[in-house]
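The lines below spell out each chain.
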Amino acid sequence: MKVPLSKIAHTRSGDKGDTCNIGVIAYDPRHYPVLVREVTAERVKRHFGALVAGEVERYELPNLGALNFLLHQALGGGGTVSLRTDAQGKTFGAALLALEIEMPAEV
Amino acid sequence: MIRIANGQGFWGDWLEAPVRLVEQGPIDYLALDYLAEVTMSILQKQRQENPQLGYARDFPPLIARIARKIRERDVKVIANAGGVNPVACAREVVRLAPGLKVAVVTGDDVYPRLDEFLAKGYEMRDMDTGEPLAAIRARILSANAYIGAFPLAEALDTGAHVVVAGRSTDTALTLAPMVHRFGWQPGDYDKLASGTIAGHIVECGAQTTGGNCQVDWQSIPDMANVGYPIVEAEPDGSFCVTKHKQAGGRVDSHTVKEQLLYELGDPKNYITPDCVADFTSIRLDDAGPDRVRVSGIRGGPRPPTLKLSISYANGWKAIGTLVYSWPRALEKARAADGIVRERLRGLRLEFDEIYTEYFGVNACHGSAAPPNADPPEVQLRIGVRGADKKAVDRFTRELIPLVLNGPPGATGFGEGRPPVREIVAYWSALLPREEIATRVEVVE
């Protein structure tokens, strides 16, 4: 069954220079394996398209049922250099909530 | 157990927050974080114009406002409000709140020492791009080393009511009282990592007590009176995160997890001047209403280098807007963007970047935004940046004419031409920590 990521996770995003980080947190820790399988660095990169010029890295925090993504060259130069409305990536986490993921029937 | 509250997540945060933290219940320490990456350069410019300035000017009046209460309740304040002029900041605190003892931490400002460092062969390459600092030497506006919790703890050891620092890390403000009260040593890696993560959880103020929280945000109570976070720290390193009972907001594992992930890099290697903290070792437990217990944290030794926060002038920018209304608002805004770009080309102006957003359609989320076929209105938002201030200034004259000489239905030009702003960019680099010697002095 296809569902948006918002069904099972919440997010928070922010900046470090021109890198945006997105924390993706499972509401229910039992859904963490679904996040690990479905929300890959490649899919996150594809989701943001031209907004993210660089690579996407993923880190795992099983203790928090969470993943952390680093989106490099994602903020138009970042901070004070960027010409974007969301120069600090504050809303990138919300954008990721629309990602469609496959929910296995058993969970 | 000691209670450490955070009443300011950045310079410009809610003015009432620290006052309420002191008045609404028991706390032992009040940490106030005033400095973002670019704040130092703004303060440096202010000090160049007036040698008595260069610090967070909201801070001394705040201390005057809470001076009586912090003495009655024996609350100590720790703040990085000193910016590039912590001594002047401390003197102003004493002037506005006579009788308070203020300890100042200095030594983080390395702006006057950059040439000495370059002569020693430190290249201070940018941690993102790898470029050596020499490439921007002439354009540097400020340079500070991030300092950790130990110099702040030494300042608390003087018995001061208020500790004023310059560029201390945000997390050090919370960790310092633990080092001071529990006698933690640089080799107590796990405890220092615990206090550092406590600092990370509270350093953005209400962002851990319900602010900016996605989880069931409509039901978070009384956000108009949101409580700022309080850490109840134990000598073994474990701690609880909570808030004053009568204050609004919420503290649970959802709000704390969101803040733990905020501005996080590699979770196993959260590097500070005090230790390296491992976020994958954190254990969180909901421990009653508005209370989360945090334990199990592991850490490693502090790095041999300190991070420098350097700001430099990097050209000019301007961002202008026009609003187009239905019907076909987006199509009109796109046509107007095409006209502006063609006219800029015709003028042979050079920019590093021209960037266009359609506010109401894709400004925040780009191509990841859901489709919106025919919105009732769209704001065209065009920004340019470049080294030539004249070119940027010329751009600011190219939007308003479109009201009469472009696609139909343009409005929203009441603000006039957009301002041209200097870009102050940020550079981070590493320096051997033995080059930095901090000092504590007391102002009364």
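Residues numbered from 1 in each chain as written. Chains lettered and ligands numbered in written order. Predicted model: local features only at pLDDT ≥ 70, side-chain atom pairs only at ≥ 80, totals over all residues.

Visitor: Now, about the sheet that holds strand 13 (residues 298-300) of chain B: what can you tell me, with residues and values included?
Guide: Residues and elements named next belong to chain B. The three strands are arranged 9-10-13 in an open sheet whose pairing can be described as antiparallel. Edge positions in the sheet fall to strand 9 (270-271) and strand 13, since each of these pairs with one other strand and no more. In terms of strand pairing, strand 9 meets strand 10 (residues 276-278) through two bridges, oriented antiparallel. What sits directly across from isoleucine 271, in strand 10, is valine 276. Strands in contact with helix 8 (residues 189-202) are strand 10 and strand 13; relative to strand 13, the strand with the most contacts, it is inclined by about 110°. (Pairing = 2+ DSSP bridges. Helix = DSSP H or I, 4+ residues; strand = E, 2+ residues; numbered from the N terminus. Contact = placed C-beta atoms within 7 Å. Axes fitted to C-alpha atoms, helices over the stretch in contact; angles between N-to-C directions.)

Visitor: Describe the domain arrangement of chain B, listing the residues and the values that go with them.
Guide: Domain parsing of chain B yields domain 1 (2-108 + 146-303) and domain 2 (311-426). Here the C-alpha centre of domain 2 of chain B lies 39 Å away from the C-alpha centre of domain 1 of chain B. (Domains from an automatic or database assignment.)

Visitor: Describe the interface of chain B and chain A, listing the residues and the values that go with them.
Guide: Every contact between the two is made by 43 residues of chain B and, on the other side, 34 residues of chain A. Elements with a minimum of two residues in the side of chain B that touches chain A: helix 9 (253-260), strand 11 (283-286), strand 14 (305-325), strand 15 (353-359), strand 16 (377-386) and strand 18 (421-432) of chain B. Class assignment of the residues belonging to the side of chain B that touches chain A gives a composition of 21 nonpolar, 10 polar and 12 charged. (Nonpolar A, V, L, I, M, F, W, Y, C, P; charged D, E, K, R; others polar.)

Visitor: Tell me about the nonpolar core, and name the residues and values.
Guide: As a rule of thumb, soluble globular proteins bury nonpolar side chains together. Residues Leu152(B), Val163(B) and Val164(B) are the most contacted members of the largest nonpolar core, which totals 124 residues. The dominant element in this core, judged by the number of residues it contributes, is helix 8 of chain B, at seven residues. Look past the residues within four positions of Leu152(B) in its chain and what remains in contact with it is Ile78(B), Val105(B), Val163(B), Ala165(B), Ser168(B), Ala172(B), Leu173(B) and Ala176(B). Core analysis: the next-biggest nonpolar cluster, separate from the first, contains 27 residues, Val81(A), Leu308(B), Tyr312(B) and Val424(B) among them. (Core = buried A, V, L, I, M, F, W, Y, C linked by C-beta atoms within 7 Å. Buried ≥ 20, exposed ≤ 12 C-beta atoms within 10 Å, placed from the backbone.)

Visitor: Describe in detail the confidence of the model for chain B, supporting the description with residues and values.
Guide: Taken residue by residue, chain B gives an average pLDDT of 96. The fraction at 70 or more is 100%. For this predicted complex, the interface score ipTM comes out at 0.97, while the overall pTM is 0.96. (pLDDT = per-residue confidence, 0-100.)

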